[in-house]
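Here is how the chains run, residue by residue.
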Amino acid sequence: MAALRPRRGPRARDLLPEGATYCRRCRSSWATILGRWCSACAERVADERVARYVRRRDGACVACGTTRQLTWAHILPRRYRRLRWDPRNAVTLCWPDHDWLDRHPARKREWVRERFPGLLERLEELKDRAPLPDLEEIIRTYGGAG
Ligand SMILES: [Zn+2]
Ligand SMILES: [Zn+2]
């Protein structure tokens, strides 16, 4: 009865809600996140929103106090997806301090322990136990959906 089998699976469009549109950033994938972005672009948007939030929170490099060349830095690496957009795992660092700390991981741990007592231990617990991130919720929380 091979003839009764559909030749193809459902088209992508048929799986999407009425009125689905392309991602407003890449314009090539369907906008499945908040009706605005594809999931890959939504990750970039979440990165930008949380980076902006952390920069406003800290106001300057938390290591040296400069307000120049500021970057969004993770305490535990962003490959720990559960903590990638968690502001507790992020600080503002100037690029020279960020770069130096990344190249000296043992010194980075010492520095974090001294600067933020108890934080490293807390993050080590959370990295496998915190809820998996919800991109829509993160984007809404850190700056609305606009
Ligand atoms: Zn996209
Ligand atoms: Zn600095």
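Our structure's up above, just so we're on the same page.
Residues numbered from 1 in each chain as written. Chains lettered and ligands numbered in written order. Predicted model: local features only at pLDDT ≥ 70, side-chain atom pairs only at ≥ 80, totals over all residues.

Caption draft 1: Molecular detail of the overall build of the protein. When its secondary structure is counted, the protein shows five helices and two strands. Beginning at the N terminus, the succession of helices and strands in the protein can be written as α-β-β-α-α-α-α. Burial analysis of the protein (146 residues in total) assigns 19% to the buried set. For the protein, restricting intrachain contacts to residue pairs at least 6 apart in sequence, the fraction spanning at least 24 positions comes to 56%. (Helix = DSSP H or I, 4+ residues; strand = E, 2+ residues; numbered from the N terminus. Buried ≥ 20, exposed ≤ 12 C-beta atoms within 10 Å, placed from the backbone. Contact = placed C-beta atoms within 7 Å.)

Caption draft 2: Looking closely at unusual backbone geometry. Although it is not a glycine, R27 sits at a positive phi angle of roughly 60°. Locating R27 in the fold gives a position in the segment before α1 (39–58). The exposure class of R27 is exposed, given the 11 C-beta atoms found within 10 Å. Located in the positive-phi region is Q69, a residue other than glycine, with phi close to 55°.

Caption draft 3: The arrangement of the environment of D58 in detail. Take D58: it is sitting in helix α1. Once the C-alpha coordinates of D58 and T92 are considered, the two residues, 34 residues apart in sequence, prove to be 6.2 Å apart. If near-sequence neighbours (up to four positions away) are discounted, D58 is found in contact with V91 and T92.

Caption draft 4: A look at the nonpolar core. With 23 residues, the main nonpolar core has W37, A42, V45, A46, V50, A90 and V91 as its most contacted residues. Counting residues per element, the ones that place at least two in this core are α1, β1 (70–74), β2 (90–94) and α5 (135–141). Sort the elements by how many residues they give to this core and α1 lands first, with six residues. (Core = buried A, V, L, I, M, F, W, Y, C linked by C-beta atoms within 7 Å.)

Caption draft 5: Just the pairing of β2, in detail. Burial within β2 is extensive, with five of its five residues counted as buried. Side chains A90, T92 and C94 of β2 all project onto a buried face; the interleaved residues V91 and L93 project onto the opposite face, where all are buried too. Sheet topology note: the β1/β2 ladder contains five bridges and is antiparallel. In the strand pairing of β2, L70 is matched with C94. (Pairing = 2+ DSSP bridges.)

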